[in-house]
Amino acid sequence: MPQRYLIVAVTAVAALWMYIDRVCFSTLAEPMKRELLLPLAPEPGADAKPLTDDEVTGAKKLRPEGADPGAPLTDAETAAALKKRWADGRMSYALGAFFLTYALFQIPMGNLADRYGARRVLALSIAAWSAVTMATGFVGGPLALLGIRLLLGVTEAGAYPAAAGLVKRWAR
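Note that the coordinates shown come from a computational prediction; the quantities given were computed from them, not determined experimentally.

*Asks:* Honestly, the packing of helix 1 (residues 3-37) against helix 6 (residues 142-156) in this entry has me stumped. Any pointers?
*Replies:* For any two helices packed against each other, the geometry is given by the interaxial angle and the distance between the axes. At a minimum axis distance of 12 Å, the contact between helix 1 and helix 6 shows a crossing angle of 170 degrees. Our classification of the angle between helix 1 and helix 6 gives roughly antiparallel. Here Met-18, Asp-21, Arg-22, Phe-25, Met-32, Leu-36 and Leu-37 of helix 1 lie close against helix 6, whose contacting residues are Pro-142, Leu-145, Arg-149, Leu-152 and Glu-156.

Shown next as structure tokens:
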């Protein structure tokens, strides 16, 4: 098989892995939020902002089968919905952290690919983001999750610039 086909195959597989990584994390965001953030949510105080209609509807969907859907939320249901709001806000930071560093490190990683070789940077990016993705499973708290997501953005940022460098050299 000519080397150019191997290059195209490697870049296609790298792109596929990046999208699989993002989809996997999005499917695990809810369980991670329940395990890492909800236990840390503060008890809502009297100064808490009232629930929106969507939050009330979401809280009512959690009621057991056969419960009166028109009944107002109990104090416990309201407290749970306010804690969920708090956890949702913290989880959005973890989800957004990846995209922040991913965008910021595209150009520096492209410079590294130009300087040290696209194949080297692509291989290192794949290995590093695989290790960081694995480390996500060992996260024990919200700050560690934030740090891992920041690091994942940095490590994944090198893949597309390096792949583009490979394709550019191949097309000459």
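Once the structure has been displayed, the description carries forward.
*Asks:* Looking at this model, I keep getting lost on helix 1. Mind explaining?
*Replies:* Since the α-helix packs 3.6 residues into each turn, any two residues three or four apart lie on the same face. Relative to the 51 Å expected for 35 residues at 1.5 Å per residue, helix 1 spans 48 Å between its end C-alpha atoms, a close match to the ideal helical length. Approximately 45 degrees is the largest bend angle found in helix 1, and it occurs at Ala-29, with the proline Pro-31 only one to four residues beyond. All of the buried residues in helix 1 are Ile-7, Thr-11, Ala-14, Ala-15, Met-18, Asp-21, Phe-25, Ala-29, Met-32, Lys-33, Leu-36 and Leu-37.

*Asks:* How do you make sense of the pattern of salt bridges when you look at a structure like this?
*Replies:* Think of it this way: side chains of opposite charge can pair up when their charged atoms draw near. Taken as a whole and assessed by the stated rule, the structure comprises six salt bridges. With a closest N to O distance of 2.9 Å, Arg-63 and Glu-77 form a salt bridge. Here Arg-63, found in the loop between helix 2 (53-61) and helix 3 (75-104), pairs with Glu-77, found in helix 3; they are 14 residues apart in sequence, far enough to count as distant. You can call Arg-63 buried: its relative accessible area is 14%. Linking Asp-88 and Lys-84 is a salt bridge whose minimum nitrogen-to-oxygen distance equals 2.9 Å. Taken together, the positions of Asp-88 and Lys-84, both in helix 3 and four residues apart, correspond to about one turn of that helix. The class of Asp-88 is partly exposed, set by a relative accessible area of 28%. If you follow the salt bridges from partner to partner, you end up with Glu-30, Lys-33, Lys-84 and Asp-88 in one network.

*Asks:* Would you take a moment to explain the packing of aromatic side chains for this structure?
*Replies:* Remark: the centre distance and the inter-plane angle together describe each pair of aromatic rings, the angle taken between the planes. Taken as a whole and judged by the stated rule, the model has two aromatic pairs. Plain terms: the ring middles of Phe-98 and Phe-99 are 4.8 Å apart, the flat faces sit at 80 degrees to each other, and that makes the pair edge-to-face. Relative to Tyr-102, the ring of Phe-98 lies with its centre 5.3 Å away and its plane at 20 degrees, an arrangement referred to as stacked. Residue Phe-98 and its partner Tyr-102 are both found in helix 3; the two are separated by four residues, about one turn of the helix. One aromatic cluster is present, built from ring pairs that chain together Phe-98, Phe-99 and Tyr-102.

*Asks:* Could you clarify how one ought to interpret the nonpolar core in this entry?
*Replies:* In summary, soluble globular proteins display a tendency toward joint burial of nonpolar side chains. Formed by 29 residues in total, the largest nonpolar core has its most connected members in Met-32, Leu-36, Met-91, Leu-122, Trp-129, Leu-145 and Ala-162. Mapped by element, the contributors of at least two residues to this core are helix 1, helix 3, helix 4 (106-116), helix 5 (118-136), helix 6 and helix 7 (159-171). Counting residues per element, this core draws most heavily on helix 1, which supplies eight residues. Apart from the residues within four sequence positions on either side, Met-91 is in contact with Phe-25, Ala-29, Met-32, Lys-33, Leu-37 and Leu-145. Listed in part, the five residues of the second largest apolar core include Leu-51, Ala-59, Leu-73 and Ala-81.

*Asks:* What am I meant to see in the side chain of Thr-155 here?
*Replies:* Looking at the secondary structure, you find Thr-155 in helix 6. Within the structure, Thr-155 has its side chain in polar contact with the backbone oxygen of Leu-152 (distance 3.0 Å). In contact with Thr-155, other than residues within four places in its own chain, are Ser-125, Ala-128, Trp-129 and Val-132.

About the criteria used
- Residues numbered from 1 in each chain as written.
- Predicted model: local features only at pLDDT ≥ 70, side-chain atom pairs only at ≥ 80, totals over all residues.
- Heavy atoms only, no water.
- Axes fitted to C-alpha atoms, helices over the stretch in contact; angles between N-to-C directions.
- Helix = DSSP H or I, 4+ residues; strand = E, 2+ residues; numbered from the N terminus.
- Parallel < 35°, antiparallel > 145°, perpendicular 65-115°, else oblique.
- Contact = heavy atoms within 4.5 Å.
- Expected span 1.5 Å × (residues − 1).
- Bend = angle between axes of the 7 residues up to and from the residue.
- Buried < 20%, exposed > 50% of the residue type's maximum accessible area, 1.4 Å probe, protein only.
- Salt bridge = Lys/Arg side-chain N within 4 Å of Asp/Glu carboxyl O.
- Phe/Tyr/Trp six-rings, centres within 6.5 Å; stacked < 30°, edge-to-face > 60°.
- Core = buried A, V, L, I, M, F, W, Y, C linked by side-chain atoms within 4.5 Å.
- Polar contact = N/O pair within 3.5 Å; in protein donor to acceptor, adjacent residues only side chain to side chain.

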